[in-house]
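Next come the chains, spelled out residue by residue.
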Amino acid sequence: MGFKCGIVGLPNVGKSTLFNALTQTAAAEAANYPFCTIEPNVGEVPVPDARLQKIAEITKPQAIVPTRLTFVDIAGLVKGASKGEGLGNQFLAYIREVDAIAYTLRCFDDPNVTHVEGRIDPLADAETVETELMLADMESLEKRIEPLEKKIRGADKEARKKLELVHTALEMLGDGKPARLAWVAEEDRRAFQALNLLTSKRVLYVCNVDEDSAATGNAYSASVEEQLAQTARNAGAADPKPAGTIVISAKIEAELAQLPADERTEYLSALGLAEPGLDRLIRAGYALLDLITFFTTGEKEARAWTVRENTRAPRAAGVIHTDFEKGFIRAETITYDDFIACNGEAGARDAGKMRLEGKDYRVRDGDLLHFRFAT
C-alpha cells in the first residue's frame, strides 16, 4: 500500500534541500531500516515510531522493520506551469500521482539566495503554487462538461450527479479558492474526490525558517499559520481536514544528516530542539493522510504496517499478503499499552487482554495483530 507526499515549491525555497536531507538521513540508517531510492526524485523513508523499538525489546526479533512513507521531490514550479512553462505538464503529472502535497515556503532572509520573485513572502509563494494548480483544475473540469451533458441526455443519472460536482468545484475555483474547501454533502465526498483534482489534495505548509527560528518559528511562519487558521477549518468542506503546517529549518536538517548518529542529539540540544524536524515532517505527512500503524511481531521480525483510519481487519491483513485477506478468519488483537504492560503476547493472553476480532473490526492505531486465515 503506497502513500506518497509530493514536495513542491518555487525555485530556491529549500525544497530539494529538505528532500535530500530526508533521503540522506534514511540512507545513513540503512543498517537498521530499509531504505530505497526508487528514482532520483523519489525516496522512501521510515516513519519514526518509538513503539516499535519497545515492542522489539520484548520480543527480541532478528529484524526491526518500520512502516514507510514515500516523498517525491517535484521540480520547482514557476508561474505559467499550468500552461506548460518550466516543466509544466511534467510537474502537474507528478502532482496527480501523490496523495498529499507539501508546499515548501521560504520563511528566511538570505541575500545570498535569490528569490525567483525578488521578494520574501511565503503567503504569496503559496498563492502562486495554488493558482497554477487551480488553473489546471479549471481547464480539466471545463473539458468534462460537454461529455457529461451528452450522457445526461442519454438519461445517465450518475453523469448528472458528476456534473453537479464539476460545477461545484468550478464555482469554488472561480472564487479563487482550492477545491478542497468546497462545500460537499458527506454522501458525495467520495465522488468529489474521484474527480482527482490537484487542489482537492491535502496540503502541508512547510515553513522553511532560518537556524535561529527553528525552535520557535518567526514572523513569516506565523503569517502562514494565521492564514491557515482562517481557511483550513472551513466547516462543511469537501475534506474535513484539508491542510496542516509545520516549521522546519532545511539548513539544520541538511547539516544534521551529515553527522554521525551519536552526535545528533547534542547538536539538536544546542539548538533547543528535542528531535529532528524531519521526524516531525514525516509524522505530519503521515497524519495528514489519515494513516495509522498496526504492528506484527515474532521471532523473525517486529514490523510496523500502514493502513488508513477505519480500515477493517481483512483489508489490513491484505496489506501483509493478499491470501490473508482472502482467507481471513479472525484477528488476535492486543493493544500496544496492554502488550507493553503485560510484557508481551503470553502475558497479555494470561491477563485476558487478547481479543478475537472478526471481519467488521476496524483496526486501531497501535494494535498488535496476529491474523488467522484459511488457505
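For the structure itself, look to the data block above.
First, a word on scope: everything that follows refers to the structure included in this document.

## Comments concerning the side chain of Asp-73
Right, so step 1: Relative to the helices and strands, Asp-73 is located in strand S5 (residues 68–73).
Right, so step 2: One polar contact links Asp-73 to Lys-15, side chain to side chain, over a distance of 3.1 Å.
Right, so step 3: Within the structure, the side chain of Asp-73 is placed 3.2 Å from the side chain of Ser-16, a separation counted as a polar contact.
Right, so step 4: Excluding anything up to four places from it in sequence, Asp-73 contacts Ile-7, Lys-15, Ser-16, Phe-19 and Asn-41.

## What to know about the pairing of strand S1 (residues 4–8)
Right, so step 1: With four of five residues buried, S1 is to be regarded as a mostly interior element.
Right, so step 2: Both S1 and S5 contribute to a ladder of four bridges, which runs parallel. Following the sheet pairing, Gly-6 is matched in S5 by Val-72.

## A few points about the packing of helix H8 (residues 250–257) against helix H9 (residues 261–270)
Right, so step 1: Look at H8 against H9: their axes get within 10 Å of each other, and the N-to-C directions meet at 155 degrees. By the criterion of interaxial angle, the relationship of H8 to H9 is roughly antiparallel. In terms of crossing hand, the pair formed by H8 and H9 is right-handed. Contacts from Ile-252, Glu-255, Leu-256 and Ala-257 in H8 reach Arg-264, Tyr-267 and Leu-268 in H9.
Right, so step 2: The class makeup of the residues in the contact of H8 with H9 is five nonpolar, no polar and two charged.

About the criteria used
- Residues numbered from 1 in each chain as written.
- Predicted model: local features only at pLDDT ≥ 70, side-chain atom pairs only at ≥ 80, totals over all residues.
- Heavy atoms only, no water.
- Helix = DSSP H or I, 4+ residues; strand = E, 2+ residues; numbered from the N terminus.
- Polar contact = N/O pair within 3.5 Å; in protein donor to acceptor, adjacent residues only side chain to side chain.
- Contact = heavy atoms within 4.5 Å.
- Buried < 20%, exposed > 50% of the residue type's maximum accessible area, 1.4 Å probe, protein only.
- Pairing = 2+ DSSP bridges.
- Axes fitted to C-alpha atoms, helices over the stretch in contact; angles between N-to-C directions.
- Parallel < 35°, antiparallel > 145°, perpendicular 65-115°, else oblique.
- Left-handed = near helix turned anticlockwise from the far one by under 90°.
- Nonpolar A, V, L, I, M, F, W, Y, C, P; charged D, E, K, R; others polar.

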